[in-house]
There are 2 protein chains.
Amino acid sequence: MRVLAFLDGTLGDPAQPYVRVDNTGVLRGDGVFETVLVVDGKPRELGPHLDRLARSAALLDLPEPDLEAWERAVQTVIDNWRGPSEIAVKLVYTRGAEGDPDVEPLCYALGMEIDEKIKRARAEGIAAVTLDRGFGPDIAERAPWLLLGAKTLSYAVNMAALREAERRGAQDVIFTATDGSVLEGPTSTVLMAKGRTLYTPPPNIGILPGTTQRSVFRAAQKAGWTVKSEPISADELVSADGVFLASSVRKVTRVHTLNGKPLADSRDIHAELCEAYEAQYA
Amino acid sequence: MRVLAFLDGTLGDPAQPYVRVDNTGVLRGDGVFETVLVVDGKPRELGPHLDRLARSAALLDLPEPDLEAWERAVQTVIDNWRGPSEIAVKLVYTRGAEGDPDVEPLCYALGMEIDEKIKRARAEGIAAVTLDRGFGPDIAERAPWLLLGAKTLSYAVNMAALREAERRGAQDVIFTATDGSVLEGPTSTVLMAKGRTLYTPPPNIGILPGTTQRSVFRAAQKAGWTVKSEPISADELVSADGVFLASSVRKVTRVHTLNGKPLADSRDIHAELCEAYEAQYA
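First, a word on scope: everything that follows refers to the structure included in this document.

Cut-offs used in this document
Residues numbered from 1 in each chain as written. Chains lettered and ligands numbered in written order. Predicted model: local features only at pLDDT ≥ 70, side-chain atom pairs only at ≥ 80, totals over all residues. Heavy atoms only, no water. Helix = DSSP H or I, 4+ residues; strand = E, 2+ residues; numbered from the N terminus. Rg over C-alpha atoms; globule rule 2.2 N^0.38 Å. Buried < 20%, exposed > 50% of the residue type's maximum accessible area, 1.4 Å probe, protein only. Contact = heavy atoms within 4.5 Å. Areas by Shrake-Rupley, 256 points an atom, 1.4 Å probe, with all protein chains shown as cover. Lys, Arg positive; Asp, Glu negative; His and termini not counted. Charge placed at Lys NZ, Arg CZ, Asp CG, Glu CD. Pairing = 2+ DSSP bridges. Axes fitted to C-alpha atoms, helices over the stretch in contact; angles between N-to-C directions. Buried area = accessible area lost by both parts, 1.4 Å probe. Salt bridge = Lys/Arg side-chain N within 4 Å of Asp/Glu carboxyl O. Polar contact = N/O pair within 3.5 Å; in protein donor to acceptor, adjacent residues only side chain to side chain. Parallel < 35°, antiparallel > 145°, perpendicular 65-115°, else oblique. Left-handed = near helix turned anticlockwise from the far one by under 90°. Nonpolar A, V, L, I, M, F, W, Y, C, P; charged D, E, K, R; others polar. Expected span 1.5 Å × (residues − 1). Arc of directions from axis to C-beta. Least-squares fit on C-alpha atoms with pLDDT ≥ 70 in both. Phe/Tyr/Trp six-rings, centres within 6.5 Å; stacked < 30°, edge-to-face > 60°. Lys NZ or Arg CZ within 6 Å of the ring centre and 35° of its normal.

Focus on the overall build of chain A
Here comes step 1: Within chain A one finds nine helices and 15 strands.
Here comes step 2: The C-alpha atoms of chain A give 19 Å as radius of gyration, which agrees with the globular expectation for 282 residues (19 Å, within 12%).
Here comes step 3: Judged by the C-alpha coordinates and their principal axes, chain A covers about 55 × 40 × 35 Å.
Here comes step 4: Residues counted as buried form 61% of the 282 residues belonging to chain A.
Here comes step 5: Expressed as a percentage of contacts within chain A between residues at least 6 apart in sequence, the contacts between residues at least 24 apart total 71%.
Here comes step 6: Per element, the accessible surface of chain A, about 11,100 Å² overall, is 49% carbon and sulfur.
Here comes step 7: Taking the average place of the 32 positive charges on the side chains of chain A and the average place of its 40 negative ones, the gap between the two points comes to 4 Å.

Here it is in structure tokens:
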């Protein structure tokens, strides 16, 4: 089941081509995206997702997105969905056509089912590996052209990292900076629990501010947790009470094994955080 | 004038869409490409371009490309071209469709005219700026998942760097490593002349091996130059006798200004290198 909606409110057939071969999204990965989770017809954190889409677009010097039109496109996907209760809606915004400034940006919302692997990971947890992202933690502010705070369509490295994880017998990756500090997953934010404190690395070290991380932090705080956005060293993960990857579609996924070594049993913390997170949308 | 050819020998209409909205090229910049220059019906360095396409594909775990089919697609573009004497033929190879392994990789060759800006740059030279790429020179070998030796479709950073150059009043970029050594341009290889020696940075520092650079080195060597592939520090560029950016479509383009400061007048060296390079294809 897939539903494709354009910003003018029309529907498309996802099995048909709509993208030109000279689209900058294809030729250059030059565009931005978001993935929004919809549960029982209700999009989660749509406002923060749209805000981040606008921030990403600004970082790439793309025309300011019409957020109301994007919101309507998401609603069109929801209104026409006849599949399972959960939808992953991708918002895709590419610059236009290479060498042809007259071609308008291409924008669409594509509703897809949640991958079985992701659902299994939510329930059972995952093994992850740390991989060097090659950057120092101070680079993002010094070199904005590296687009480290933007969610761009240029995800070849993120995909290659996931394949490397698979080769190492794991399902996901935690990127580290050259000084060993924790960055993010290829498509997720890293959370760490120590006692009753929940940590995540600060966005200014060159990672994407997480919409789901923010939601989990808000929920955890209400449930009595202290939440901190501060640098985490990869070594700390090993002795933490819990390590989690957060993203729209994977929600809060437990990391049970890191670089082949089992982490502390965090099933109780995981259950508590998931309950708090879900309660917000009940 | 544009000509689109697929690997089965058929032609397409470049103004029509052929790419699905879930294509991994669009959604993830997950694929590889090459740009081949064709002059008077003859492709330049087609063998090295196809070899590099195959190497890039291997680094991304893509199925091995059928190089004979790619060669035929390039010839189909040439046979159907009715435009100016020079063509930039893009070879594009994307993985397939996100979450649908049954969709075959998408492969095509797209012939386009050479941009006027590029032709002007060839003749008049350009101003360039150095921009930090954020990586150390030793990262490529340590972290192959960063795909630094692959020509991927994930070029959002390369495009952002070119926009940053424009903001600084320049037309192109020379990326530097965190230790100040010269890497490459966003879409070119850096050459430096000192006396009768031509230098380029070695590929193992995390740059793409240049097809045009190799061709220019071969030609220069025949013309009595010494050629060296060794680390260059950005400081050395300032005192060099000539700095050039080489790529298929820009050929050898002279950098006359770096970070706002004029470089040594390299017009004679440029003329000599261009003549030697062109003589190979006469």
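Examining the sheet that holds strand β6 (residues 86-94) of chain B
All names here are of chain B.
Here comes step 1: Here six strands make up an open sheet; going across it, the order is β2-β1-β7-β6-β4-β5 and the pairing antiparallel. Pairing within the sheet leaves two strands with one partner each, and these edge strands are β2 (11-12) and β5 (42-43).
Here comes step 2: Taken strand by strand, helix α2 (residues 46-59) contacts β4 (31-39), β5 and β6, and its axis lies near 175 degrees from that of β4.

Here's the deal with the interface of chain B and chain A
Here comes step 1: Facing 56 residues of chain B, the contacting portion of chain A comprises 56 residues.
Here comes step 2: The largest contributions to the chain B side of the interface with chain A come from V21(B), R28(B) and W145(B), which together make up 18% of the buried area.
Here comes step 3: Inspection of the chain B/chain A interface yields 10 salt bridges.
Here comes step 4: For R163(B), the salt bridge is made with D61(A), and the minimal N-O distance between the two is 3.0 Å.
Here comes step 5: Linking chain B with chain A are 29 residue pairs in polar contact (both at pLDDT 80 or more).
Here comes step 6: Listed by contribution, the elements that provide at least two residues to the side of chain B that touches chain A are β1 (2-6), β3 (17-20), α1 (24-28), β6, β7 (106-112), β8 (126-132), α5 (139-142) and α6 (156-167) of chain B.
Here comes step 7: In terms of residue count, the dominant contributor to the side of chain B that touches chain A is α6(B) (eight residues).

Details of the packing of α2(B) against helix α3 (residues 67-79) of chain B
Residues and elements named next belong to chain B.
Here comes step 1: Relative orientation of the contacting elements α2 and α3 amounts to 130 degrees, with a least axis distance of 11 Å. In terms of orientation, α2 lies oblique with respect to α3. Considering only the axes of α2 and α3, their crossing is right-handed. Contacts between α2 and α3 pair L46, L50, D51, L53 and A54 from the former with L67, W70, E71 and V74 from the latter.
Here comes step 2: Considering only residue class, the contact of α2 with α3 consists of seven nonpolar, no polar and two charged.

Looking at helix α9 (residues 267-279) of chain B
All names here are of chain B.
Here comes step 1: When the terminal C-alpha atoms of α9 are compared, their 18 Å separation across 13 residues agrees well with the 18 Å that a helix rising 1.5 Å per residue should span.
Here comes step 2: Residues of α9 that are buried: I269, H270, L273, A276 and Y277. Across the axial projection of α9, the buried residues extend over an arc of 135 degrees, all falling on one side. Summarising the geometry of α9, the exposed residues directed more than 90 degrees from the buried face are R267, D268 and E275.

Considerations on the relation of the copies chain B and chain A
Here comes step 1: With an RMSD of 0.0 Å, the operation that places chain B on chain A is a rotation of 180 degrees combined with a shift of 0.0 Å along the axis. In short, the pair behaves as if placed about a two-fold rotation axis.
Here comes step 2: Same-surface contact between copies: 100% of interface residues of chain B are shared with the interface of chain A.

Regarding the packing of aromatic side chains
Here comes step 1: Scanning all chains against the criterion turns up 10 aromatic pairs over all chains.
Here comes step 2: Note on F135(A) and F135(B): the rings are 4.4 Å apart at their centroids and 15 degrees apart in plane angle, and the pair reads as stacked. In this pair, F135(A) sits in the loop between β8 (126-132) and α5 (139-142) while F135(B) sits in the loop between β8 and α5, so the two residues belong to two different chains. Assigned by exposure class, F135(A) and F135(B) land together as buried.
Here comes step 3: Between Y277(B) and Y281(B), the aromatic rings sit 5.2 Å apart at their centres with planes inclined by 70 degrees, giving edge-to-face as the arrangement.
Here comes step 4: Residue class for Y277(B) comes out buried when judged on its relative accessible area of 3%.
Here comes step 5: Judged by its relative accessible area of 19%, Y281(B) is buried.
Here comes step 6: Taken together, the aromatic side chains of F6(A), Y18(A) and Y108(A) make up a single cluster linked through ring pairs.
Here comes step 7: Across the ring face of F175(A), the terminal group of R133(A) is positioned such that the distance to the ring centre comes to 5.6 Å.

Quick word on the pattern of salt bridges
Here comes step 1: For the structure on display, the rule yields 44 salt bridges over all chains.
Here comes step 2: Where D22(A) meets R2(B), a salt bridge forms, and the shortest distance between an N and an O atom there is 2.4 Å. In this pair, D22(A) sits in the loop between β3 (17-20) and α1 (24-28) while R2(B) sits in strand β1, so the two residues belong to two different chains.
Here comes step 3: Here D30(B) and R95(B) are joined by a salt bridge, their closest N and O atoms 2.7 Å apart. Linking D30(B) in the loop between α1 and β4 with R95(B) in the loop between β6 and β7, this pair joins segments that are 65 residues apart in sequence.

Interpretation note: all reported values are geometric properties and have no functional meaning in isolation.
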